[in-house]
Amino acid sequence: MATFLYKIGRLAFRRRHFVALIWVALLTLAGVGAASAPAAGNTSFSIPGTEAQKAFDLLAQRFPGMSADGATARVVFKAPGGEKMTDAANKAAVERTVKELKTGSEVASVADPYTGHAVSVNGTIAYASVKYKVSGMELKDSSRDALKAAAQDARDAGLTVEVGGDALNATPETGSSEVIGLGIAAVVLVITFGSLLAAGFPLLTAIIGVGIGVSTITALASALDLGSTTSTLASMIGLAVGIDYALFIVSRYRAELAEGREREEAAGRAVGTAGSAVVFAGLTVVIALVGLSVVNIPMLTKMGVAAAGTVAIAVLIALTMIPALLGYAGRRIKPAGEKSKLLGGGRTPKKPGRPNMGTRWASFVVRRPVAVLLLGVLGLGAAAIPASSLELGLPDDGSQPTSTTQRRAYDLLSEGFGPGFNGPLMVVVDAKGSEHPKKAFTEVGNEIKGLQDVVTVTPAVANQAGDTATITVVPKSKPSSKSTEDLVHTIRDKGADIAAKTDSRLLVTGTTALNIDVSQKLNDALLPYLALVVGLAFLLLIVVFRSVLVPLKAALGFLLSVLAALGAVVAVFQWGWMSGLMNVEQTGPVMSMMPIFMVGVVFGLAMDYEVFLVTRMREAYVHGEKPSQAVVTGFRYGARVVTAAAVIMIAVFSGFIGSSEAMIKMIGFGLAIAVFFDAFIVRMAIVPAVLALLGKRAWWLPKWLDRALPNVDIEGEGLRTQTDPERRHADPDEEKELVRA
């Protein structure tokens, strides 16, 4: 591996014009494809295997044109103080709004509040229900604009008007998060390299890689049914890893220059050694992202595969375009330890020969491994304690900031009709096999009326054939509550008894039931996904490090950091700790996708730091250093760049904490704190402490497994024997003994 990548690095350095032209051509091609591709507005959403999805599919067959999974909106009206919605002027304003809403091309139906009994008991609040022909993810912007315009017209008439429902999914406001992340990354890179030019290379290549990846996703969005969230995840992950991978290769290049290598040789060696680590680190991220397909949620699978493709592009750019840019830069890129004149280069250091911070820290850990290990494990264990109270759910309008119209509509409906009114359940009764369908419909309705936590049960509405009906159930509790979840399960349990009595089938669906099913599906998939990702990466790391204990330690450390990060998420978003600092307006259940999302993304990123840091240690050990000294050497060369990479990644993710969308805010915080825990506590403290305690045993590998595994030579031993004349003519027996020492 190292020898092959070494040749690629030297070739890219020499043929830099050709390499640069290829990447510019690919970026141009992807950009043209994105610009000329049809707009992607018809993204479908399905959750195969869930009861809610089965009900939607059944309704599509038995109620043609009903669009059971179509988007819905509730336009909520409140009369001015001292007035009622039944007053003539207010009623006329509402009827004009209803008439205006009906003109939309994607509107299936609009229910008038006065004919549909949608006025509160005290007469101050009313609502109009709007049903669309397509789902919320398929709804055109023009339909959303028409909905907002109709609401504004009613406001102009003197009413308080708010709009809720999935039809008006507001575009999250992330502010200038990516710009802030890039700004912090630029500062960190300049400090790390002491050169504006060297700092610019990782930023440039990361932007090109993300540009190609996101443009390709945009170009294929319509054909492959990709949503906007797909490109958001791809850009977030691609930007973070793209900067990191380029950072490691540029840093190794400068280290090779400091050892006196010629520039082309240094570029080849940088790609052969650090590039090998980039390849395997990228593979772990790709495995984690593609592994999301085991959840069997098509949208999540597409997001994972698209993000994995962007990561693969980042790896290829780091291996080829970085050495090409280094060739263009020539002598303007200084060896490690030297700064450009603009940043103070040429000055005499105040304390020449003083060990760097990484060396001093590693030496301390090697001297006090037990204390560092206990402190790190206990600290992460304490942070993980809140995770034992983890409650999962999917956000609804009640979790939106109070400044949004969706949240205000939610609160008005709760005030006028009760909290459960925001999450009605749709019960579908399939009586095709029953001799008395109407009797079955009635019996189902009567059974549900007798259940606890039920406020209203509407009469059954049958289809034209009379063999299928829908019943709307309004719970007492809010949609995201445990009581509502229990009610859904209770109705489904009753369905088995009713089916036996009436030869019918009962299914519960609707947005609330769908959210509950998605949460359960994600919970059920977490352990298989964890086993798949960790298992494959464990095997990959055995090949990389030729050790059993090092990959095992890496996996256990990752689990510690993820649990601690989940604990922090629970403390902030569920318990409300520091919620003011994070601008969390509404606490509640943690998003169901968070655990599995964090496992996938954080595992891949955590293994980056493991590979880059520990590879340097193994390289030193293989080349003859004692285990404890190899730990110090690994930190001397790797700690600075790993620290810079972690800070950059934390900055990129932290930018999303400022989002107005609670879900994106939670993802940004969760990923940022997870990277912090993993990079600075697990990789920087626990890993060297464990390796110091294990000594030579850390690199133990059974002989039969050693013979069976391919030799990928990630340490670059092949480069030493190929390019160093004194090594090329060394005694082969002595060389083998040194490698196996």
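What you are looking at is a predicted structure, and each value in this text was computed from that prediction instead of being measured. (Residues numbered from 1 in each chain as written. Predicted model: local features only at pLDDT ≥ 70, side-chain atom pairs only at ≥ 80, totals over all residues. Heavy atoms only, no water.)

Another point: the side chain of Arg492. Mapping Arg492 onto the fold places it in helix α15 (residues 482-502). Side-chain polar atoms of Arg492 contact the side chain of Glu51, separated by 3.1 Å. With residues near it in sequence (within four places) discarded, Arg492 still touches Glu51, Ala52, Val508, Ala513 and Asp517. (Helix = DSSP H or I, 4+ residues; strand = E, 2+ residues; numbered from the N terminus. Polar contact = N/O pair within 3.5 Å; in protein donor to acceptor, adjacent residues only side chain to side chain. Contact = heavy atoms within 4.5 Å.)

This paragraph deals with unusual backbone geometry. For Asn296, which is not a glycine, the phi torsion comes out positive at approximately 65°. With respect to the helices and strands, the residue Asn296 is situated in the loop between α9 (263-290) and α10 (298-329). Classification of Asn296 as partly exposed rests on a relative accessible area of 40%. Not every positive phi belongs to a glycine, and Asp453 is a case in point at roughly 65°. Residue position: Asp453 is located in the loop between α14 (437-449) and β7 (454-457). (Buried < 20%, exposed > 50% of the residue type's maximum accessible area, 1.4 Å probe, protein only.)

What follows covers the pattern of salt bridges. Working definition: two side chains of opposite charge can pair if their charged atoms are close together. For the structure on display, the rule yields 21 salt bridges. The salt bridge involving Asp486 is made with Lys482; its shortest N-O contact spans 2.9 Å. With Asp486 and Lys482 both in helix α15 and four residues apart, the pair spans about one turn of that helix. What makes Asp486 partly exposed here is its relative accessible area of 34%. Residue classification places Lys482 among the exposed positions, given a relative accessible area of 55%. The closest approach of N and O atoms between Arg546 and Asp706, which form a salt bridge, is 2.7 Å. With Arg546 in the loop between α16 (511-545) and α17 (549-574) and Asp706 in helix α21 (residues 703-708), this residue pair connects regions lying 160 residues apart in the sequence. Several salt bridges converge on common partners, so that one network encompasses Arg10, Arg14, Glu264, Glu265 and Arg269. (Salt bridge = Lys/Arg side-chain N within 4 Å of Asp/Glu carboxyl O.)

So, on to a nonpolar patch on the surface. A cluster of nonpolar side chains, namely Phe18, Ile22, Leu26 and Leu29, defines an oily patch on the protein surface of about 390 Å² accessible area. Checked against the element boundaries, Ile22 lands in helix α2 (residues 16-36). (Patch = residues over 30% accessible without salt bridge, like charges linked within 9 Å, V, L, I, M, F, W, Y side chains within 5 Å. Areas by Shrake-Rupley, 256 points an atom, 1.4 Å probe, with all protein chains shown as cover.)

Further remarks concern helix α5 (residues 141-156). Because an α-helix packs 3.6 residues into every turn, residues spaced three or four apart end up facing the same way. The end-to-end C-alpha distance of α5, which contains 16 residues, comes to 23 Å, matching closely the 22 Å that a straight helix rising 1.5 Å per residue would cover. The complete set of buried residues in α5 reads Ser143, Arg144, Leu147, Ala150, Ala151 and Ala154. Projected onto a plane normal to the axis of α5, the buried residues spread over an arc of 125° and lie on a single side. Turned more than 90 degrees from where α5 packs its buried face, Asp141 and Asp156 sit exposed. Taken together, the buried residues of α5 touch β1 (72-78), α4 (88-101), β3 (125-132) and β4 (160-164). Where α5 terminates, the next one or two residues include Gly158, which has phi positive at roughly 105°. (Expected span 1.5 Å × (residues − 1). Arc of directions from axis to C-beta.)

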